[in-house]
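Topology and contacts: notes
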Amino acid sequence: MRTYILKRVIQAIPLLLLISFIVFLSIQATGDPLAAYTVDASLTSDDIARLKAKYGLDQPVPIQYLNWLKNMATGNWGTSYFTREDVVDMILERLPNTLILFAVSYALILGVALILGILTAIRQYSLFDYSVTALSFLGIATPSFWLGLMLIYLFAVRLKAWGLPSLPVGGMYDLSEGKTLAEVSRHVILPAITLSVVVCARYVRYIRSSILEQLQLDYVRTATAKGLRSRAVLFRHVMKNVLLPLVTLVGLDLPNFLSGTIVIESIFAWPGVGRLFWSAAERTDIPVLMAVMLFVAVMTVVFNLIADIFYAVVDPRISYS
Amino acid sequence: MTGSSDTSRLRDTAPMADMAISGALARPPETMWTMFWQRFVRHRPAMVSLVVLLFLVVASFGVSLFVSEDEANLIDVQAMRNAPSWEHPFGTDDVGRDMFLRTLFGGQISLRIGLLAACISVVIGIAVGTISGYNTGWIDNVLMRITDALLSIPTLFILIVLTRVLGDHIGVGNIAFITLVIGTLSWMPTSRIVRAQVLSLKERDFVLGARSLGCQAGRILVRHIVPNTLAPVVVAATLDVGRAIIFEASLSFLGLGIQPPTATWGSMLNRAQAYLLNAPWIALFPGIMILVTVLCVNFLGDGLRDAFDPHSLR
C-alpha cells in the first residue's frame, strides 16, 4: 500500500514539470512581457534594459524557465505588474471565496444528482424518468454563461420588478449589510446553480445508468434471494459500487469546472480566483496569469492523485503493484 | 428516450426475420453502410437532430444569398432595443441591428468554427493516438505525458492566455487563429481513445497477416489499423463540435473571441448582460441557438454510437 502511494506521487512529478513547462511556454508566446511598461513614452531604452535585467528577461529562455521554476517552488511567485501586490497574497485572498462557491456547488450537484439518479433508476421508463432524462440532455448542452444571464433575468431582474423577494444580481455581499452568513448565502445561490447545472446533468445520467448496470449483477440477486428488502439492497450494496467511481469522475471533471469559474465569477462579480485570472488577462498582468494557471493545474493534479489513492484504499479489488 | 427506440427495435425484429427468409434473394445485399444507415434511422432523436442541424446550416449559410452581411450589421438608431415583432422576429439589439439576421450570420461563424476545430482536433488526435499506440516505449510515454499535462490545465485558462496575448500580434478576433487554438487544445480525449484501440488492434491476426505479407508499418497503420478506429473517433468528434462551439461562445462572450461588428452567437451575448433589464431578448435568442445546436450535435453522437455498434439490435 505504502509503495503504491509513493509510486503514484513520484509519477506525478514529471507531470507537474511538464505542466509548468507548458504554462511557461504559453506565456513565452506573448513575445514581450514588458509591453505594458513600454507604452509609457518617458521610458528610455536604458530604463527598459534595467527592467529586463531586474525581471531576468535578459537571460536565455531555458535559464528564465529554470529561474521561474525555482521561484515558484520556493513560494516566490512575484508581484503584480499593476497593483504591486504579492501574487501569493492575491491568490490566498480570493481562494476562500472560490472554495465557498465550490463547496455549495458540489453539495448541490451531488445532492440533486443522487436523488434524481436513484429515482430515475428505480422508476425506469416512467414519465418521471423520461422527463428527467430529457432535462439532463438539455442541461448538458446548456452554455453555462447563458444560463447565468437567464437566471439573473428571472430571479434578480423579474422578481424585483414584480415586487417579489428577489436574489442579488452579483457580488458576494451588500456593503450596507456587511459580510454576514445570510448575505453571502443569498449571493451564492445563483452562481452556484449556474455552475452546477451542466455537471449535475451529466452525473444524473451516470448514476442512473450505473445503478441499472449494477442491478443486473449476481451480488444483487444473492442479496435479494437471502430476503433483503430492495431498499436495503440498493443503499447497502448497490450504492457503494455506484459512488466509488464517482470520486474519479469528480477528479476528471475538475478542469472543466475550474474553466467554468472564470466565466461564472465574471458574470456574477464573485471575487474568486477565476475573476482574478480574468481581470489579470484583461490587463495582461503576466505574473498573476502564470501563477493562477500553474496553481489551478497543480490543484487538478493533486486532487486526481488524492482521488486515485482514495480509490485504491477504499476498493480492495485494486492491486497495488 | 433510448427506451422508446429500444422497444420499437424489438417490435421490428420479427417481421425483419420473415423478410430475411422470403426476400433474401429479392433484396440487394446488405453492405456495412446500409446496415449502419438502418440502425441510425431507428434512433429518432438523432434523426430529428440531423434534420434540425441541416436546417440550421442551410438557413445560416443560405441567408447570404438574399442579404449581405453589411445589412445585418446596419446600425439603426431609430430602432434601438425593439422587442420581437413581425418586422424584427428576434427584436433589435442595443444599436438597432436586426437580431434575426445577426443570429443567422452568427451561425455561419459559430458552426464553421465548431466543425473546423473538431476536424483539427480529430487529425491531431488520430496522429498522436496511432503513433503512441503503435510505438510503445519512450515515444508513447512522452506523448501520453503531454496528453495528461494538457488535460490537467483547464482549457479555458490556456485559451484566454493564448488569445489575449497572441491576439496583440495576430489581431484579436482572427477567426482562423481562434479555430486553430480551440482545435489544438481539444484533441486529448480523441488521442486516448485511438491509442487504446490501436493497442488492441495491433495484436490482431489481420495485422499479423499484413505484416507477414511484407506490409510496411506505415501502410499497416494507414490501411488496416486507422480505419478500424474511426467509429469511436467520429462519435468523439461530434462531442468536439459541441465543445468547440461553447468554447468560442465563452471567449467571444468575454470579449476575446470574434470582434464586433462580426456576429457570432457568443459575441452577440457579449453586451447582453448590460441590457438584461430592458431588452432580455438580446440575451435569449443567441443562447437558444447555441443550446439547440449543441443538443442536436450530442444526440447525433448518440445515434452514431448506436449505429456503429454492430451488437445493437436492428
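Preceding block: the structure.
This section reports on the structure supplied with the text. Since this is a predicted model, take the numbers as computed values, not measurements.

1. What about the overall build of chain B?
- Per the secondary structure count, chain B includes 13 helices and zero strands.
- Mapped from its N terminus to its C terminus, chain B presents α and β elements in the order α-α-α-α-α-α-α-α-α-α-α-α-α.
- Out of the 314 residues in chain B, the part that is buried amounts to 50%.
- In chain B, the share of contacts with a sequence separation of at least 24, taken over all contacts with a separation of at least 6, comes to 72%.

2. As for the interface of chain B and chain A
- Opposite the 48 residues of chain B that make contact, chain A presents 46 residues.
- Carbon and sulfur atoms supply 80% of the area that chain B and chain A bury against each other, a total of about 4200 Å² over both sides.
- For the pair chain B and chain A, the number of links is zero salt bridges.
- The interface formed by chain B and chain A holds eight residue pairs in polar contact (both at pLDDT 80 or more) in total.
- Elements with a minimum of two residues in the side of chain B that touches chain A: α1 (2–22), α6 (138–152), α7 (155–170), α11 (217–254) and α13 (281–308) of chain B.
- Grouping the amino acids of the side of chain B that touches chain A by side-chain chemistry returns 33 nonpolar, nine polar and six charged.

3. Quick notes on the pattern of salt bridges
- Across all of its chains, the model carries twelve salt bridges over all chains by this definition.
- One salt bridge in this structure joins Arg8 of chain A and Asp308 of chain A, with 2.6 Å as the shortest N-O distance. Here Arg8 of chain A is found in helix α1 (residues 2–28), whereas its partner Asp308 of chain A is found in helix α12 (residues 286–314), with 300 residues between them in sequence.
- Among the residues examined, Arg8 of chain A registers a relative accessible area of 23% and is labelled partly exposed.
- A relative accessible area of 24% places Asp308 of chain A in the partly exposed class.
- For Arg195 of chain B, the salt bridge identified is with Asp140 of chain B, shortest N-O distance 2.8 Å. Placement of Arg195 of chain B in helix α9 (residues 188–201) and of Asp140 of chain B in helix α6 is noted, with a sequence separation of 55 residues between them.
- Here the residues in one salt-bridge network are Asp93, Arg97 and Arg102 of chain B, joined through shared partners.

Procedures and definitions
- Residues numbered from 1 in each chain as written.
- Chains lettered and ligands numbered in written order.
- Predicted model: local features only at pLDDT ≥ 70, side-chain atom pairs only at ≥ 80, totals over all residues.
- Heavy atoms only, no water.
- Helix = DSSP H or I, 4+ residues; strand = E, 2+ residues; numbered from the N terminus.
- Buried < 20%, exposed > 50% of the residue type's maximum accessible area, 1.4 Å probe, protein only.
- Contact = heavy atoms within 4.5 Å.
- Buried area = accessible area lost by both parts, 1.4 Å probe.
- Salt bridge = Lys/Arg side-chain N within 4 Å of Asp/Glu carboxyl O.
- Polar contact = N/O pair within 3.5 Å; in protein donor to acceptor, adjacent residues only side chain to side chain.
- Nonpolar A, V, L, I, M, F, W, Y, C, P; charged D, E, K, R; others polar.

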